[in-house]
Amino acid sequence: MPIFARKHKTPLGIYVHVPFCRSKCTYCDFYSVCDNSLQDQYIDAVCTHIREAGEAASLHIVDTIYFGGGTPSLLGGEGLSLILSAIRKSFDVSDDAEITFEANPDSITDRLLRRLRSEGFNRVSLGIQTDNDEQLSQLGRPHDYQQAVDAVKKIRRHGFKNLSVDLMYGLPGQSIQNWIHALANISKLNPEHISCYGLKIEPGTPLCKQASALEIPDDDLQADMYLSAISFLADKGYRQYEISNFCKKGNVSRHNLKYWQGGEYLGFGPNASSDFGGQRFTFIRDLRGYIAGIKENGQILREVEDVPFRERAGEYIMMGLRTVYGLDPKEYEKKYMLPFGPLEEKLEVFRSRKLAVRTFDGRWHLTGEGFLLSNDIITDLLLIQDKCKPIAKRKK
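Notes on the structure in this doc start here. (Residues numbered from 1 in each chain as written. Predicted model: local features only at pLDDT ≥ 70, side-chain atom pairs only at ≥ 80, totals over all residues. Heavy atoms only, no water.)

**Here's the deal with the packing of aromatic side chains**
No. 1: Taken as a whole, this structure holds 17 aromatic pairs when the rule is applied.
No. 2: Between Phe-101 and Phe-160, the ring centres sit 6.2 Å apart and the planes meet at 70 degrees, which makes this aromatic pair edge-to-face. With Phe-101 in strand β3 (residues 93–103) and Phe-160 in the loop between α6 (145–157) and β5 (163–169), this pair connects stretches of sequence that are 59 residues apart.
No. 3: Its relative accessible area of 0% is what places Phe-101 among the buried residues. (Phe/Tyr/Trp six-rings, centres within 6.5 Å; stacked < 30°, edge-to-face > 60°. Helix = DSSP H or I, 4+ residues; strand = E, 2+ residues; numbered from the N terminus. Buried < 20%, exposed > 50% of the residue type's maximum accessible area, 1.4 Å probe, protein only.)

What follows is the structure in structure tokens.
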């Protein structure tokens, strides 16, 4: 396709949910199954689904592809390559697309990496979580820390130059000294990207049932851990660009940034979500039902909604304030025809409390302390937005 034609296409992200796990972590409420006997049927179904969806995106160019889970690496190089091939045949994929797969350290093998590197995968997201083997065991993780170190060495040996690592803080019995120790060890592995998530006790998970007997760090300690991560990682050359995400220069997660900046994306697989063509929709949270629905042309949609314009404006605030790129008053008014002035008055209050910053070009974003209170800040701004009347006339 001529380059000039591709330039006019709308960027699109693709997410593939791979719902297989070797074992279920005690804190996890993501949709996954530990029965791997349906892997071949899943691959057939998701490839069929991808082929059927391709025609609807003829005016789009795919610039990010993300295999999440679950544990996508359990499909092996052959399974992931088959799905990526179906995407390439069904969609216009840009030559420099960011193509990520998630993996646990115990599932990283030379064979897997060799195959995926040759197929064009160029980013690995590795779930390490902590450097403490006792905590890993308590979380139900299927690996120890040495396996994580070995996995990173293999990833580098096979030429992957964009590695992201997941870490968790607020773990049972974890002190701030433990947390700093984990950050120090992970920084020595020199990943390009680090995601730091506070442990959330989800209802119905094994960890939730055990929580009353565990020493879970309180909110104040978790806040201290969060702020210490911002400071520590900045000293190591990692720039915070989103509430939970830090990277070296030029290594933001382009796929996740698409979510935070309101880009379009299509999801495939059970429980995968999409935001495409003005609609948001989610597929059923049932692997067998998803496979049967694709095979028999049955119902696989769980939710479908049209997103009203004002709701999109609210999402611009919610998602924008998750990132250091923040809010652009001119863009907001032009795109949503709502006045930014009332929001700016409130942001000035937050600035006086050192929770928000206005940059030289007029954009607003939250500080590290502001990120800690982002839910309350965003709620206040949305209440103000709800009372705003549309701008009568588009400004020139």
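**Looking at the environment of Gln-299**
No. 1: Checked against the element boundaries, Gln-299 lands in the loop between α11 (287–296) and β12 (301–306).
No. 2: Separated by 16 residues in the primary sequence, Gln-299 and Phe-283 place their C-alpha atoms 9.1 Å from one another.
No. 3: Polar side-chain contacts of Gln-299 include one of 2.8 Å to the backbone nitrogen of Leu-301. (Polar contact = N/O pair within 3.5 Å; in protein donor to acceptor, adjacent residues only side chain to side chain.)

**Here we look at the pairing of strand β2 (residues 60–69)**
No. 1: Buried residues dominate β2, accounting for ten of its ten residues.
No. 2: Direction of pairing for strand β1 (residues 10–18) relative to β2: parallel, over a ladder of nine bridges. Along β2, the bridge assignment pairs Pro-11 with Ile-61.
No. 3: After leaving β1, the chain enters helix α2 (residues 39–53) and then returns to the sheet as β2, a path that is right-handed.
No. 4: Across five bridges, the pairing between β2 and β3 is parallel. What sits directly across from Val-62, in β3, is Val-93.
No. 5: Where the polypeptide runs from β2 across helix α3 (residues 76–90) and back to β3, its parallel neighbour, the crossover connection is right-handed. (Pairing = 2+ DSSP bridges. Right-handed = clockwise from strand over helix to strand, strands pointing away.)

**Quick look at the nonpolar core**
In a soluble, globular protein the nonpolar side chains are often hidden away together inside.
No. 1: Within the largest apolar cluster, 106 residues are counted, with the highest numbers of intra-cluster contacts made by Tyr-42, Phe-67, Ile-83, Ile-87, Phe-91 and Phe-101.
No. 2: For this core, the leading source of residues is α2, giving seven residues.
No. 3: Beyond its immediate chain neighbours, meaning those up to four positions away, Ile-87 contacts Ile-14, Val-16, Ile-50, Ile-65, Phe-67 and Val-93.
No. 4: One finds Cys-25, Met-168, Leu-199 and Leu-207 within the second-largest nonpolar core, a separate group that totals eight residues. (Core = buried A, V, L, I, M, F, W, Y, C linked by side-chain atoms within 4.5 Å. Contact = heavy atoms within 4.5 Å.)

**A look at the pattern of salt bridges**
No. 1: One pass over the full model with this rule turns up 17 salt bridges.
No. 2: A salt bridge links Arg-280 to Glu-315, with the shortest nitrogen-to-oxygen separation between them at 2.8 Å. Pair noted here: Arg-280 is in strand β11 (residues 279–283) and Glu-315 is in helix α12 (residues 309–320), with a separation of 35 residues, a long-range link. The residues Arg-280 and Glu-315 share a single accessibility class, namely buried.
No. 3: In this structure, Arg-312 and Glu-315 form a salt bridge, with 3.7 Å as the shortest nitrogen-oxygen distance. Of the two residues, Arg-312 and Glu-315 are both situated in helix α12; the distance of three residues between them amounts to about one turn of the helix. (Salt bridge = Lys/Arg side-chain N within 4 Å of Asp/Glu carboxyl O.)

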